[in-house]
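# Notes for the structure review
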Amino acid sequence: MPNLTSEKVLAALRSVVDPDTNKDVVASGLLQGLNVKDGHVSFALEVSPESGRAKEPLRLASEKAVLALKGARSVTAVLTAHRSGAASQPRRATTNPQPQAGAPERQGPAGVKAVIAVASGKGGVGKSTVAVNLAVALNSLGRKAGLLDADIYGPSAPRLLGLTGKPTSKDGKRLQPMEAWGLKTISIGSLIDEDQPMIWRGPMVMTALTQLIYDVEWAPLDVLVVDMPPGTGDAQLTLAQRVPLAGAVIVSTPQDIALIDARKGLAMFKKTHVPVFGIVENMSTFVCPNCGHESHIFGHGGARETAAKLGTDFLGEIPLDIAIRETSDGGTPIMARDPQSPQARAFLTVAERVAAKLDAGDTRAAPRIVMD
Ligand code: ADP
């Protein structure tokens, strides 16, 4: 594979002329934030708020010009608007199976019908537990599901799924996913040395995550569930921009809803035009294993209220339950261990709602926000 350099990309972009100014996208200063790494290219075209959508053909032409280069494996071009004025709507390339009206299609991982993100405003809210059980539940609903543990800060799929060893590659280029509980799965935790703390810099994160999406033999899959890094920083934003997401599921505990962490997650996806499927309230009610008494240790119902207030859906509540913790941390998700249990049924309800969203191609319009 020939090495794709920034110079070659720039040369290609100099052939793309904006008919409004008769200048190419480089000379006119539209090009921003060019990033070229291992054949994966991303950049933005900064346009005025007024022109907004009218520049979409220019974005497409730029993407096409770079994609034609030898060694180009993926190209992500976005339109961003100047900060002044809020009239313009930034556009992003998307490969949602059911793209938003007027949105262009971009290639997702081959043979994967939909990629969904499971995200949270902060760590420790049970995002990974929900992602794993959601994937197993989707499988049990007859959707061929995979799980990508992209949580670079605390990869937990090996622990939650009881995985040991490392994924292998037949050709030295593409990784074979591992198999656990009927899921094809890859965890970034299986690829890095647990004892060697990693310092992730922005471009490294981008490259690693893009490779885990594109350079793994996922096919055939109906849905790839991505366990996102927690938070709403650059890594998450980049992932949401680079990976064609059909939708996002936000996980929150009742008390974090109060701290508006989940709201930030919601705003981030809306910013990147990823449909938010809804919010899951984790560690919702506590049922005493001895007497069956239900208590709401962290409060209860906040996610439902927040979802309603923010115009997104409530996908369900998962109880705070010792069996969930024990099965998760023991490498046997409750959905696999005891699919008839009330705890598993709670995950199944979430999965049914997510499956319905996927079928409906929920393309709720995102608000018009100008990217910083
Ligand atoms: P995150 O991915 O948000 O960091 P994890 O899924 O790793 O969170 O969960 C953090 C801890 O909380 C784990 O020990 C997990 O077993 C436990 N946990 C998650 N959800 C529940 C729940 N509903 N009931 C009991 N324990 C839970």
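Cut-offs applied
Residues numbered from 1 in each chain as written. Predicted model: local features only at pLDDT ≥ 70, side-chain atom pairs only at ≥ 80, totals over all residues. Heavy atoms only, no water. Helix = DSSP H or I, 4+ residues; strand = E, 2+ residues; numbered from the N terminus. Buried < 20%, exposed > 50% of the residue type's maximum accessible area, 1.4 Å probe, protein only. Areas by Shrake-Rupley, 256 points an atom, 1.4 Å probe, with all protein chains shown as cover. Axes fitted to C-alpha atoms, helices over the stretch in contact; angles between N-to-C directions. Parallel < 35°, antiparallel > 145°, perpendicular 65-115°, else oblique. Left-handed = near helix turned anticlockwise from the far one by under 90°. Contact = heavy atoms within 4.5 Å. Near = heavy atom within 4 Å. Polar contact = N/O pair within 3.5 Å; in protein donor to acceptor, adjacent residues only side chain to side chain. Nonpolar A, V, L, I, M, F, W, Y, C, P; charged D, E, K, R; others polar. Salt bridge = Lys/Arg side-chain N within 4 Å of Asp/Glu carboxyl O. Pairing = 2+ DSSP bridges. Core = buried A, V, L, I, M, F, W, Y, C linked by side-chain atoms within 4.5 Å.

### Thoughts on the overall build of the protein chain
Regarding its fold elements, the protein chain presents 13 helices and 15 strands. Counting only residues that meet the buried cut, the protein chain has 57% of its 372 residues in that class. When the accessible surface of the protein chain is summed, it comes to about 15,900 Å², and 53% of that surface belongs to carbon and sulfur atoms.

### Comments concerning the packing of helix α3 (residues 127-140) against helix α13 (residues 342-360)
Closest axis-to-axis distance for the α3/α13 pair is 8 Å, and the angle between their directions is 70 degrees. Judged by the angle between their axes, α3 and α13 are roughly perpendicular. Judged by the sense of rotation from one axis to the other, the crossing of α3 with α13 is right-handed. Packed against α3, whose contacting residues are Thr129, Val130, Asn133, Leu134, Ala137, Leu138 and Ser140, the element α13 presents Phe347, Leu348, Val350, Ala351, Val354 and Ala355 at the interface.

### What about the site of the ligand?
Around the ligand sit 18 residues in total, of which Gly124, Lys127, Ser128, Thr129 and Pro319 are the nearest. In this structure, Asn282 approaches the ligand through a side-chain N or O atom, which is 2.9 Å from a nitrogen atom. Here Asp321 contributes a backbone N or O atom positioned 3.0 Å from a nitrogen atom of the ligand. Bound to the protein, the ligand loses 84% of the 560 Å² it would expose on its own. For the shell around the ligand, the elements supplying multiple residues, two or more each, are α3, β13 (276-287), β15 (314-320) and α11 (322-329). It is α11 that contributes the most residues to the shell around the ligand, four residues altogether. Here the shell around the ligand is composed, by residue class, of six nonpolar, seven polar and five charged.

### Comments concerning helix α7 (residues 234-242)
Within α7, eight of the nine residues are buried, which leaves it mostly tucked inside the rest of the structure. Every buried residue belonging to α7 is among Ala235, Gln236, Leu237, Thr238, Leu239, Ala240, Gln241 and Arg242, and all of these are buried.

### Regarding the pattern of salt bridges
Summed over the entire model, instances satisfying the criterion amount to 13 salt bridges. Of the charged contacts, one joins Asp20 and Lys55 as a salt bridge, the two residues approaching to 2.8 Å between their closest N and O atoms. Here the residue Asp20 occupies a position in the loop between β1 (17-18) and β2 (23-24), and Lys55 occupies one in the loop between β4 (40-47) and α2 (56-67), the gap between them amounting to 35 residues. Its salt-bridge partner being Arg143, residue Asp359 comes within 2.8 Å of it at the nearest N-O pair. Taken together, the residues Asp359 in helix α13 and Arg143 in the loop between α3 and β8 (145-149) connect sequence positions 216 residues apart. Note on Asp359: relative accessible area 52%, which makes it exposed.

### Digging into the pairing of strand β3 (residues 31-37)
One ladder, built from five bridges, connects β3 with β4; its direction is antiparallel. Its bridge partner being in β4, Gln32 is matched across the sheet by Ala44. The hairpin turn running from β3 into β4, its antiparallel successor, is two residues long, and Asp38 in that turn takes a positive phi close to 50 degrees.

### Thoughts on the side chain of Asn282
Position of Asn282 among the secondary structure elements: in strand β13. A polar contact of 2.8 Å, which involves the side chain of Asn282, links it to the backbone oxygen of Val125. Excluding anything up to four places from it in sequence, Asn282 contacts Val125, Gly126, Val130, Val251, Ser252, Thr253, Pro254 and Ile318.

### Regarding the nonpolar core
In this structure, Ile116, Leu134, Leu138, Leu147, Val225 and Val354 are the most contacted members of the largest nonpolar core, which totals 41 residues. Apart from the residues within four sequence positions on either side, Leu134 is in contact with Ile116, Val118, Val249, Val350, Ala351 and Val354. Counting residues in each nonpolar core, the second largest holds 39 residues, with Val216, Ala235, Val243 and Phe314 among its members.

Read these as geometric descriptors, not functional statements.
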